[in-house]
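Architecture and fold: a report
The chain contents come next:
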Amino acid sequence: MDPRLDVISEEGEDQDFSRDPVPVLNPAAERRGRTFQRFSVSTNDSLRFEPCEDSSPSPTGAEDGHDEDDVFRRGGAETELLSIRTRLQDKVSEMENFAGHLEEIFLTVEENFGRQEQNLEQHYNEVLQTLSQRYDERAGGLEEEKKGKLEALYAQLLLCGRALDRSKDLIEAAQEVRRAPDPRLFLKTVVPIMKRMEDFSREEVDFSLSTSEEFNTPLADLSDVKTMMDSINVVPAPSAPVINPQTPNSATQTSLRVFWSLFSDDTVEFYELYYRPVLEDSPVDGTSTPVSKVKVKETHCRVTDLLPNAQYELWVTATNTTGISPASEKALYVTVPSPPVMKQRESSSCPEAARIRWESGNTNPVDSYTVELRETGSDGTETGTTECMVGVPTCQCVIQLQAGLQYLVSVRAVNIGGASDRSDVITVSTTGTFFHLLEDTAHPCLSISEDSFTIFYGDEELPISAMALDDSTFTRCVAVLGDLIPVRGRHYWEVEVDEDTEFRVGVAYEDTERDSYLGTNRTSWCMRHIRTPSRHKYEFLHNGWSPDLRITVHPVRIGLALDYERGTLSFFNVELQQHLHTFHCHMHTYVHPCFSLDNPGALSVHVGMEAPRHAFM
């Protein structure tokens, strides 16, 4: 970094460039007692500040040789100074970034040099190894040829020695015969000797060499060495590419955008990207899964015609005129999920909040969900902007809302590839409390209507052995729970039942005993209707106890008002707006609405209406 820039930066940081606002009513008083500063920019880009001597203000409020516009000129100068300082700081930042880039280039050059040096050393080692092999082969051939020549000469030398020995023996025998004193003995022995000498003289002796003293010198085949030497100056085959991990929002439901990288000095003609789906029932090595291939020239590619929310295994190779690189390491990419499936009937709401439920709609797990909601008017038109809740980990969430409004709610599934399309939209109202009945808690003798708001108890009794029971099912009391939203606030709903039906309605904890009647334990509070021959009897039961109350008018429609903050559960005759009874209880956790039929009949639940004013008086 230029040292002048450090000086500029340090001087700029030491100076106070803040300027108090100039009062409009009395600018002269603002100037009084202040030391102005002027600045200049020298040719070496350094800033120089020089204090100016104070001048006594004139009685008219203007300084000698200056008018009141000097204050504004000073302000303009300070603004210009700030602008210069900003530009210099930007320049310093750019130079620092450039220096960082140069450092990266330096490291890249070092890495490339090291790889080139290693490549060159490898080539020359291969050439030397090949030449050494050729030398060993040639030396071995010469040694074998030398051995053959020497053995031939030695055999010929042995033959000459034997011939010389025979000649010597014949000569010595002839001399002995010639020196014999007895003529008869001479005549007797000379004939065989002469015959032997005649036979020996008729034998042909080969005086030519059996081998040449020269060695064969065939031309050595060094074509492969020449090819290797030439390959040093040829572009090498690319090294294996490096496929990048999947980046966020790089996919759609049917496509993936894949990126990879290669060493900067490798020459590449084209790349081939291979991919195949990772299926649950496919073997680990993926041998039975068909592989697709895309040929591109860039270091990125968009793969299309894929399955939604599916994992794909990808790898890539690089090719040039010399050859094909090794394959990259395999990487896993995933396409965007399919839209979730909303569960309208299993969603619940109250004036302060709503609990939305949905199904994933995907075989592979997703990372999270995004819930989108938009406020609507009474005619269904959108009246506000879209709000989002991101990072929801499960297939349900509770949203805080404003009372008395309607909302359009949808959900998107999110994974690393991106967000899915929007699910079907459901309407949520915060006018009142809305919930559905939990069918898995219903006694086997109860039937629930298609709209999930009416329960029926028939005349036919089922034996215990024919009942499908589990841990959440009521086994003694013919009852069912409602799925009230877990929000501590005010909740209101109504129940409609004819006068001949015996029933129990109220609230209970989720873990209330399934083999006992509602109101007979510490975990439930209920209103009970008993039909006697003489009258209608009503009890408000908790832990088996009820106050002594008499209700003269049979309520056909009963309102229930639950107030968590006040710890009350109240019952009303809706038609007469008559208060029947209030439980005062401290509910340490959330409760569920509960409904029970003690004799054959039907009971209807009404939800979603606005609570009447008298319900929470």
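Residues numbered from 1 in each chain as written. Predicted model: local features only at pLDDT ≥ 70, side-chain atom pairs only at ≥ 80, totals over all residues. Heavy atoms only, no water.

Quick notes on the overall build of the protein
From N to C terminus, the protein includes 5 helices and 31 strands. Burial analysis of the protein (617 residues in total) assigns 38% to the buried set. Long-range contacts, defined here as pairs at least 24 residues apart, represent 68% of the contacts in the protein between residues at least 6 apart. Surface exposure of the protein reaches about 36,900 Å², of which carbon and sulfur atoms provide 53%. (Helix = DSSP H or I, 4+ residues; strand = E, 2+ residues; numbered from the N terminus. Buried < 20%, exposed > 50% of the residue type's maximum accessible area, 1.4 Å probe, protein only. Contact = heavy atoms within 4.5 Å. Areas by Shrake-Rupley, 256 points an atom, 1.4 Å probe, with all protein chains shown as cover.)

Some words on the packing of aromatic side chains
According to the stated counting rule, one finds 11 aromatic pairs in the structure shown. Plain terms: the ring middles of Trp-260 and Tyr-271 are 5.6 Å apart, the flat faces sit at 65° to each other, and that makes the pair edge-to-face. Taken together, the residues span a long stretch of sequence, with Trp-260 in strand S4 (residues 256-261) and Tyr-271 in strand S5 (residues 270-277) at a distance of 11 residues. Each member of the pair, Trp-260 together with Tyr-271, is buried. Ring geometry for Tyr-509 versus Trp-525: centroids 5.6 Å apart, planes at 80°, classification edge-to-face. Taken as a pair, Tyr-509 in strand S24 (residues 503-509) and Trp-525 in strand S25 (residues 524-531) lie far apart in primary sequence, 16 residues in all. (Phe/Tyr/Trp six-rings, centres within 6.5 Å; stacked < 30°, edge-to-face > 60°.)

Section: the side chain of Thr-130
Residue position: Thr-130 is located in helix H3 (residues 69-178). For Thr-130, a relative accessible area of 11% corresponds to the buried category. Within the structure, the side chain of Thr-130 is placed 2.8 Å from the backbone oxygen of Glu-126, a separation counted as a polar contact. (Polar contact = N/O pair within 3.5 Å; in protein donor to acceptor, adjacent residues only side chain to side chain.)

A few points about the nonpolar core
Residues Trp-493, Phe-571, Met-587, Phe-595 and Leu-603 are the most contacted members of the largest nonpolar core, which totals 39 residues. The element best represented in this core is S24, accounting for 4 residues. Those residues in contact with Trp-493, other than ones at most four positions away along the chain, are Phe-435, Gly-506, Val-507, Ile-558, Gly-559, Leu-560, Leu-562, Pro-593, Phe-595, His-606, Val-607 and Met-609. Grouped together as the second largest cluster of nonpolar side chains are 21 residues, Cys-301, Leu-306, Tyr-312 and Leu-314 included. (Core = buried A, V, L, I, M, F, W, Y, C linked by side-chain atoms within 4.5 Å.)

Focus: the pattern of salt bridges
This structure, assessed with the given rule, holds 15 salt bridges. Glu-346 serves as the salt-bridge partner of Lys-343, at 3.2 Å between the closest nitrogen and oxygen. A relative accessible area of 23% places Lys-343 in the partly exposed class. Between Arg-528 and Asp-598 there is a salt bridge, with the nearest N and O atoms lying 3.8 Å from each other. Of the two residues, Arg-528 sits in strand S25 while Asp-598 sits in the loop between strand S30 (591-597) and strand S31 (601-606), which places them 70 residues apart along the sequence. (Salt bridge = Lys/Arg side-chain N within 4 Å of Asp/Glu carboxyl O.)

Section: the sheet that holds S24
If you trace the 6 strands from one edge of the open sheet to the other, you get S19-S22-S30-S24-S25-S26, paired in antiparallel fashion. Two strands bound the open sheet, and with one partner strand each, they are strand S19 (437-438) and strand S26 (536-542). Relative to strand S22 (residues 479-482), S19 is paired through 2 bridges, and the arrangement is antiparallel. Directly across from Leu-437, in S22, lies its bridge partner Gly-482. (Pairing = 2+ DSSP bridges.)

Some words on unusual backbone geometry
Positive phi outside glycine occurs at Asn-309, with the angle close to 50°. Here Asn-309 shows up in the loop between strand S7 (300-303) and strand S8 (311-319). Judged by its relative accessible area of 2%, Asn-309 is buried. A positive phi angle, close to 50°, is found at Gln-577, a residue other than glycine. Among the structural elements, Gln-577 can be located in the loop between strand S28 (568-573) and strand S29 (578-584).

Describing the side chain of Thr-512
Assignment of secondary structure puts Thr-512 in the loop between S24 and S25. For Thr-512, a relative accessible area of 2% translates into the label buried. With near-sequence residues (within four places) excluded, Thr-512 lies in contact with Phe-474, Asn-521, Thr-523 and Ser-524.

Some details on the pairing of S24
Burial within S24 is extensive, with 7 of its 7 residues counted as buried. Of the two faces of S24, the one holding Phe-503, Val-505, Val-507 and Tyr-509 and the one holding Arg-504, Gly-506 and Ala-508 are both buried throughout. The pairing of S24 with S25 spans 6 bridges and is antiparallel. Residue pairing across strands places Phe-503 opposite His-529, the latter belonging to S25.

What about the environment of Arg-522?
Note on placement: Arg-522 falls in the loop between S24 and S25. On the basis of relative accessible area, Arg-522 is assigned to the exposed category, the value being 63%. With 13 residues separating them in the primary sequence, Arg-522 and Tyr-509 have C-alpha atoms 9.3 Å apart. Sequence-distant contacts of Arg-522, defined by excluding residues within four places in its chain, comprise Tyr-509, His-542 and Asn-543.

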